[in-house]
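Each chain is listed here by its residues.
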Amino acid sequence: MIPYGKQNITQADIDAVSVALQGDFLTQGPTILAFEQAFSKYIGCQYSVAVANGTAALHLSALALNVQPGQKIITTPLTFAASANCIRYCGGEVVFADIDPQTYLLDIQKVRTLLEASPRGTYHGIVPVDFAGNAVNLETFRKLADEYGLWLLEDACHAPGGFFTDSQDKKQYCGNGQYADLAIFSFHPVKHIATGEGGMITTNDEKLYHKLLELRTHGITRDVSQFKNSKAFAAGQEVGADEPYPGWYMEMQTLGYNYRFTDFQAALGISQLSRANEGIERRRAIAARYQKAFANQSFIKGQSGIVQGHAYHLYVIEVPNRLGLYNYLRTQQIFAQIHYIPCHLMPYYRDLGWTEGDLPVAETYYKHCISLPMYPTLTDEQQDFVIQTIQDFYV
Ligand SMILES: *Cc1c(COP(=O)(O)O)cnc(C)c1O
């Protein structure tokens, strides 16, 4: 059986988790900070906050960016629903803008058109997604966002290690905090780095970082400089007592959540991270082999050439008779997948007013797209079998 994506767990991973399980902390221990620091170093950002999953990362990000009921936020329909849902958790209104048919990424011209058509202050933020591992050019999005006073939240779940090249010819790695206010990642088993469940928020903004730490743990702070109640109250003594805040004292200052990550997951994350570059190299090699194999088949539309900086979470092609191909591959034990059913046409979003024809590029793409097997342990032989099976279907 060949799935479209798969985790890779080595003996080193198992040993790392085993060590963590025998340590003093299953959660809230030092391994979490160690993973966060290793992740920051890999991504090239200043701060990382590990959380329970990618969806929790999105929710906390929307809270930290202060999304309020009625605020309009723009995102792409070509994503996992959580990229949009995080806005709904905070009562915001999701406005989908169509994708670019070449890159499959949120089309900045469509976003600009939306912004120009409404009074300033209508929109509050943009959630671009590095779809399939193809890095969004955040420099151009930052410029646009600044023109209109918007925040940027990058959904980089598909692209740890991916990058785009900015106008100074510099590689800007996904989630590095250079242009977006916040970025988020997922460690679900199909993603590049797997910890079972897990997620990360990255930023270069110290204030947002502290806000996120607080929101991750119930809105509780132990930072003395932030305390609001009096020392006398904290010490449980008569008014006028001037003791320092006692050792046990903490305050819940905002409504937060328990979106914590565990130490044994962090140990697995550190171990996985040490192989992340190898994983991307292998993904790029697999992409190059697919590209070569389909180069002369004009009816198969892939992304033309190897895209620089692409992290290849997915390898997507667009084909005629997609349903037939999908079913035929399954008879050969090849489990390709479809990414994504356009988010705006999910019944939940239809109920909010979205309908067929609203985003024609994404809707046409959906009729033809199929994600082929793409993961580092896919062997050349397995990939050749996938390629041959596709060729057989179309002769
Ligand atoms: C996986 C994914 C998420 C959600 O991550 P979970 O860890 O499954 O909650 C969000 N956005 C995108 C683009 C994803 O691929």
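None of the values given here were measured: they were computed from a predicted structure.

## Concerning the site of the ligand
Then, number 1: Residues in contact with the ligand amount to 14 residues; listed here are only the nearest, Gly54, Thr55, Asp155, Ser186 and Lys191.
Then, number 2: For the ligand, an oxygen atom lies 2.7 Å from a polar atom in the side chain of Ser186.
Then, number 3: In the model, an oxygen atom of the ligand is placed 3.5 Å from a nitrogen or oxygen of the Tyr340 side chain.
Then, number 4: Protein contact buries 92% of the 380 Å² of open area that the ligand shows by itself.
Then, number 5: Broken down by element, the shell around the ligand gets its largest block of residues, three residues, from helix H3 (residues 54-64).

## Quick word on the pairing of strand E3 (residues 72-75)
Where a strand is regular, its side chains alternate between the two sheet faces.
Then, number 1: Note that E3 and strand E4 (residues 93-96) share four bridges and pair parallel. Note on E4: the bridge partner recorded for Lys72 is Glu93.
Then, number 2: What joins E3 to E4 is helix H4 (residues 82-89), and the crossover it makes is right-handed.
Then, number 3: Note: E3 against strand E5 (residues 123-127), four bridges, orientation parallel. Its bridge partner lying in E5, Thr75 is registered against Val127.

## Brief notes about the packing of aromatic side chains
Then, number 1: Evaluated as defined, the whole model comprises 26 aromatic pairs.
Then, number 2: Relative to Tyr249, the ring of Phe227 lies with its centre 5.0 Å away and its plane at 90°, an arrangement referred to as edge-to-face. Placement of Phe227 in the loop between strand E11 (220-221) and helix H8 (231-235) and of Tyr249 in the loop between H8 and strand E12 (251-252) is noted, with a sequence separation of 22 residues between them. When sorted by exposure, Phe227 lands in the same class as Tyr249, which is buried.
Then, number 3: Put simply, the rings of Phe35, Phe39, Phe185, Phe187 and Phe261 touch in pairs and so form one group of aromatic residues.
Then, number 4: The side chain of Arg322 reaches across the aromatic face of Tyr366, ending 5.1 Å from its centre.

About the cut-offs
Residues numbered from 1 in each chain as written. Predicted model: local features only at pLDDT ≥ 70, side-chain atom pairs only at ≥ 80, totals over all residues. Heavy atoms only, no water. Near = heavy atom within 4 Å. Polar contact = N/O pair within 3.5 Å; in protein donor to acceptor, adjacent residues only side chain to side chain. Areas by Shrake-Rupley, 256 points an atom, 1.4 Å probe, with all protein chains shown as cover. Helix = DSSP H or I, 4+ residues; strand = E, 2+ residues; numbered from the N terminus. Pairing = 2+ DSSP bridges. Right-handed = clockwise from strand over helix to strand, strands pointing away. Phe/Tyr/Trp six-rings, centres within 6.5 Å; stacked < 30°, edge-to-face > 60°. Buried < 20%, exposed > 50% of the residue type's maximum accessible area, 1.4 Å probe, protein only. Lys NZ or Arg CZ within 6 Å of the ring centre and 35° of its normal.

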